[in-house]
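Structural overview for review
As a plain string of letters, each chain reads:
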Amino acid sequence: MRALTVIPLQAGSLEVTDVPEPVQGDGELLVDGLAVGVCGTDKEIARGDYGWAPSGSDRLIIGHESLGRVRSAPTGSGFTAGDLVVGVVRRPDPVPCGACAHGQFDMCRNGRYTERGIKQRHGYASQVWTVEVDYGVKLDPHLAEVGMLMEPTSVVAKAWAEVEAVGSRAWFEPKTALITGAGPIGLLAALLGAQRGLDVHVLDRVTDGPKPQLVRDLGATYHSEDVDTVAGKLHPDVVIEATGVGSVVLAAMANTAPYGIVCLTGVSSPGHKISVDIGSTNREIVLENDVVIGSVNANLGHYTAAAHALAKADIGWLTRLVTRRVPLQRAADAFTAGDEDVKVVIALGGSPS
Ligand SMILES: [Zn+2]
Ligand SMILES: [Zn+2]
């Protein structure tokens, strides 16, 4: 079968290669791959900046934003042939740490977890893949064209769960949410905010392309002014930060409502320095009981929450997030950014219907 593979840490090694079809083990689903989404992590791996092959292999099959159709399932697994399925990315570390031992592998303490398509496990960008029944999540059948949005949705489902967990430490009835960044993570965070009945605002730099209308179609407000102006006017109860840009992060922290919660989901590269009035930032956080939290990855509970969020979302809106579909044989095209791209996906050849 064909798969999209790289030699980790070797730039220019991204290639569609022939690999042996996986053999379905006990307790596993055999799955025909439909599509994978491409994100910043995949681009980092393709550039040779990140990624680890499984032991005994030179190449890593990439792809962690999966979608497939079950070809064969063990009896009593809850799956049957034809079901739509998404494979979970992370697996607990082998020690395991206390968090992994409790199923909270998204909170792993020792960093020895493994990840499909990223770290020491083959990913899902292949025509056929297998996944342990316990790490497959069933999707509503009407999501066949958009189900690869599930993994990024699990990331924002976790971010919202974190915000709500932190908020519940005292009285908490948030009204206004600001999402910074209108890429797939920001837009999906806005979707989940709108589903919670919040007054959602999304900030991004672009003024054209599909993003402003995608935001408006959620009943949310789109902003492209500078972040200090927008956040300073809104004083949001919740900020979900999805740009990783230092100045945006700081402006978000400095302009919340009292008891404001800022959830950081964007990863920035080190080395960018800006000057900060840390005295006034500290003063605001202390005097308002504000909280800033970092959030990454997702566990099985977040995947289930994401499956529900996608099932009740407008399918036309979700379809518009997928701005480009590239066939596997031209997978390299998915790694060059187009001006109007939101989410680019690679079609793996399995039939969506
Ligand atoms: Zn990703
Ligand atoms: Zn762990």
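In case you missed it, the structure is sitting above this.
Residues numbered from 1 in each chain as written. Chains lettered and ligands numbered in written order. Predicted model: local features only at pLDDT ≥ 70, side-chain atom pairs only at ≥ 80, totals over all residues. Heavy atoms only, no water.

If you walk across this open sheet you meet the 3 strands as β2-β1-β4, and the pairing is antiparallel. This sheet does not close on itself; its edge strands, each paired only once, are β2 (15-18) and β4 (60-61). (Pairing = 2+ DSSP bridges. Helix = DSSP H or I, 4+ residues; strand = E, 2+ residues; numbered from the N terminus.)

Looking at the metal site, the zinc ion (ligand 2) is ligated by Asp-93 (OD), Cys-97 (SG), Cys-100 (SG) and Cys-108 (SG), spaced 1.8 to 2.4 Å from it. Linear spacing of the donor residues for the zinc ion (ligand 2) on their chain is D-x3-C-x2-C-x7-C. With Cys-97 in the loop between β7 (90-91) and α2 (98-101) and Cys-108 in the loop between α2 and β8 (114-116), this residue pair connects regions lying 11 residues apart in the sequence. Residue Cys-97 shares its accessibility class with Cys-108, and that shared class is buried. (Donors = N, O, S within 2.8 Å, 3.2 Å for Na, K, Ca; no water. Buried < 20%, exposed > 50% of the residue type's maximum accessible area, 1.4 Å probe, protein only.)

For the zinc ion (ligand 1), every protein donor is listed as Cys-39 (SG), His-64 (NE2) and Glu-65 (OE), and the spread of their distances is 2.0 to 2.7 Å. Each donor residue of the zinc ion (ligand 1) belongs to the same chain, and together they define the spacing C-x24-H-E. Take His-64: its relative accessible area is 3%, and that puts it in the buried class.

Time to look at unusual backbone geometry. Cis peptide bonds are those with omega within 30 degrees of zero, and the linkage from Val-95 to Pro-96 qualifies with -20 degrees. Positionally, Pro-96 belongs in the loop between β7 and α2. If you check the backbone angles, Gln-120 has positive phi at about 65 degrees while not being a glycine. According to the relative accessible area criterion, Gln-120 is partly exposed, its value standing at 37%. Backbone geometry places Tyr-259, a non-glycine residue, at a positive phi of 65 degrees.

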